[in-house]
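Coordinate inspection notes
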Protein chains: 2
Amino acid sequence: MGPQAATTKGVATRELILDRAYAIACREGVEGLSIGALALATGMSKSGVFAHFGSREDLQLAVLDVGGQRFGEAVLIPALRKARGLARLRSIVAGWYDWVRDNHHGCLIMAAISEYDSRPGALQDRVVTLIHRWRSDTARAVQMTIDTGELRADTDALQLSFEIFGFALALHQDTRLFDPQQARAQADLAFDRLISTHLP
Amino acid sequence: MGPQAATTKGVATRELILDRAYAIACREGVEGLSIGALALATGMSKSGVFAHFGSREDLQLAVLDVGGQRFGEAVLIPALRKARGLARLRSIVAGWYDWVRDNHHGCLIMAAISEYDSRPGALQDRVVTLIHRWRSDTARAVQMTIDTGELRADTDALQLSFEIFGFALALHQDTRLFDPQQARAQADLAFDRLISTHLP
DNA sequence: AAAAGAAACGAACGATCGTGCTATTAATTG
DNA sequence: CAATTAATAGCACGATCGTTCGTTTCTTTT
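To keep things clear, this report deals only with the structure shown in the data block.

What about the environment of V11 of chain A?
- By the element assignment, V11 of chain A lies in helix 1 (residues 8-28).
- When the C-alpha positions of V11 of chain A and H52 of chain A are compared, they lie 9.3 Å apart, and in sequence the two are 41 residues distant.

Next comes the structure, spelled out in structure tokens:
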């Protein structure tokens, strides 16, 4: 993580900084983060903020991790409490859709994909890791639904994950660019129809 | 457009600048454009570049328009030469998929959505206009396919457009983040399956 | 309470940002 | 070719960028 974080107060301050940084990055993007703006948002000095991370890039990496963690806590963890199969898959998708609705300034991770998809480096690597993990989790949930017999045995789990991903991306954009409620209705319908065409 | 562009050379220079600006914005994003970098890329002075637009925002607006125009020329125009109906719709989608494949540094417009979806202002307005136009064109092509009887009469054109949009977005990201060929195969399959479930 | 160590500040750095101004070229018009 | 006007360069401005360094304040440990 940071260069040091030995004191309890040190850890607390770091979390405060990352909380504000996450909020800023949701609006301005991870690339829109600046140490100066972050110092202003926390009431600290620039050098005070900087000392917690050692470089801007390390700060950005930490913010990406915060984004991944919050997304996981809001979407994946609740779904894991549902029974394996269609119930859990539905929970994942509904949770994802809710997440898009409730984060009015956009999902940090989904925006970060666009920011770094043509920019090789440590930040792109981190984004790829986060997305790949999430995609794997989704595909696993689909596979379990096949295993429980709630989807046809010849269903392609990766293909379904791809399409679900697409619906979520379209929802994410339409929510902010056009009518959020219509977008949600279309995303729900898209998923329901997708499932219905793969029923046993 | 710019403050002035009275001379033939003035117009040519403006187009040169916008061409370089488009290339930079494809990689760094519209928000990553800077007058200094653009001056370096064109061999001009900063003030020379600046004088063509009057402000950075006007430059960014012009670049967005270039992006919209090039996308239209590459995807929409060729499709309009096909017969109304499924042939044209297939051409639109295939052209869109090809566009994603051939623009190795990403589609400027699709990236701009993420950049401005939480940032009200003139740039967001322009992005919304461009996307709305494209979505309308797509929906119109779907509606024509319904009218020709190649899709069921109870098909929801806007719903189909939403899902097609999602597939393109997922393709755009997977192309750069993961395996381009697998992504293309999944996007093709997704569209084919979508059409097949709405056949009369 | 004293010593040690971590956390935060303040000032400064070179760079770059967008944007004015004033010349100086270049192109168009008469 | 001369007169006019547009296009470009040069220079400077205030701001902000990420980063470094030395000092001071606060926590933790002894």
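Now, onward.
A look at the environment of W134 of chain A
All names here are of chain A.
- Structurally, W134 is set in helix 7 (residues 122-147).
- For W134, a count of 20 C-beta atoms within 10 Å translates into the label buried.
- The spacing of W134 and D58 is 76 residues in sequence and 22 Å in space, taken between C-alpha atoms.

Quick look at the interface of chain A and chain B
- Tallying the contact residues gives 27 residues for chain A and 27 residues for chain B.
- Mapped onto the side of chain A that touches chain B, the elements with two or more residues apiece are helix 6 (108-116), helix 7, helix 8 (157-177) and helix 9 (180-196) of chain A.
- Top element by residues in the side of chain A that touches chain B is helix 8 of chain A. It accounts for eleven residues.
- Of the residues in the side of chain A that touches chain B, the class split is twelve nonpolar, ten polar and five charged.

Points about the relation of the copies chain A and chain B
- With an RMSD of 0.0 Å, the fit of chain A onto chain B corresponds to turning through 180 degrees and sliding 0.0 Å along the axis. The two molecules are tied by a two-fold rotation axis, judged by turn and shift. Among all C-alpha atoms of chain A, that of G166 of chain A lies closest to the rotation axis, at 2.0 Å.
- Counting the interface residues of chain A, we find that 100% of their copies in chain B are interface residues as well, pointing to one common contact surface.

Describing the protein's contact with DNA strand C
- The immediate surroundings of DNA strand C are formed by 26 residues, with G10, S47 and G48 of chain A together with S34 and G36 of chain B found nearest.
- Looking at the surface near DNA strand C, the elements with two or more residues in it are helix 1 and helix 3 (46-51) of chain A together with helix 1 (8-28), helix 2 (35-42) and helix 3 (46-50) of chain B.
- Element by element, the count of residues in the surface near DNA strand C is highest for helix 3 of chain A, at four residues.
- The residue makeup of the surface near DNA strand C, split by class, is seven nonpolar, 14 polar and five charged.

Looking at the packing of helix 8 of chain A against helix 9 (residues 180-196) of chain B
- Put simply, helix 8 of chain A and helix 9 of chain B touch, their axes get as near as 10 Å, and they point 80 degrees apart. For the element pair helix 8 of chain A / helix 9 of chain B, the angle class is roughly perpendicular. Of helix 9 of chain B, the residues touching helix 8 of chain A (which contributes Q159, F162 and E163 of chain A) are Q186, L189 and A190 of chain B.
- In the contact of helix 8 of chain A with helix 9 of chain B, the residues fall into three nonpolar, two polar and one charged.

Comments concerning the nonpolar core
- Core analysis: the biggest nonpolar cluster contains 101 residues, and A21 and V63 of chain A together with A21 and V63 of chain B have the highest contact counts within it.
- For A21 of chain A, the contacting residues outside a window of four places in its chain are L33, L38, L59 and V63 of chain A.

Quick word on the protein's contact with DNA strand D
- Lining the immediate surroundings of DNA strand D are 26 residues, of which S34 and G36 of chain A together with G10, S47 and G48 of chain B lie closest.
- Only helix 1, helix 2 (35-42) and helix 3 of chain A together with helix 1 and helix 3 of chain B provide two or more residues apiece to the surface near DNA strand D.
- Each residue belonging to the surface near DNA strand D can be placed in one class, and the counts come to seven nonpolar, 14 polar and five charged.

What to know about helix 8 of chain A
- Counted at 1.5 Å a residue, the expected span for helix 8 of chain A with its 21 residues is 30 Å, and the 30 Å between its end C-alpha atoms agrees.
- When you tally the buried positions in helix 8 of chain A, you get 17 out of 21 residues, the bulk of the element.

Description of the packing of helix 7 of chain A against helix 8 of chain A
Residues and elements named next belong to chain A.
- Here helix 7 crosses helix 8 at 125 degrees, and the two axes come no closer than 9 Å. Of the possible angle classes, the one that applies to helix 7 and helix 8 is oblique. When you trace helix 7 past helix 8, the crossing you get is right-handed. Together, R135, T138, A139, V142, Q143 and I146 of helix 7 and A157, L158, L160, S161, I164 and F165 of helix 8 make up the contact between the two elements.
- In the contact of helix 7 with helix 8, the residues fall into eight nonpolar, three polar and one charged.

The rules behind these values
- Residues numbered from 1 in each chain as written.
- Chains lettered and ligands numbered in written order.
- Predicted model: local features only at pLDDT ≥ 70, side-chain atom pairs only at ≥ 80, totals over all residues.
- Helix = DSSP H or I, 4+ residues; strand = E, 2+ residues; numbered from the N terminus.
- Buried ≥ 20, exposed ≤ 12 C-beta atoms within 10 Å, placed from the backbone.
- Contact = placed C-beta atoms within 7 Å.
- Nonpolar A, V, L, I, M, F, W, Y, C, P; charged D, E, K, R; others polar.
- Least-squares fit on C-alpha atoms with pLDDT ≥ 70 in both.
- Near = placed C-beta within 6 Å.
- Axes fitted to C-alpha atoms, helices over the stretch in contact; angles between N-to-C directions.
- Parallel < 35°, antiparallel > 145°, perpendicular 65-115°, else oblique.
- Core = buried A, V, L, I, M, F, W, Y, C linked by C-beta atoms within 7 Å.
- Expected span 1.5 Å × (residues − 1).
- Left-handed = near helix turned anticlockwise from the far one by under 90°.

Any link to function would need more than the numbers given here.
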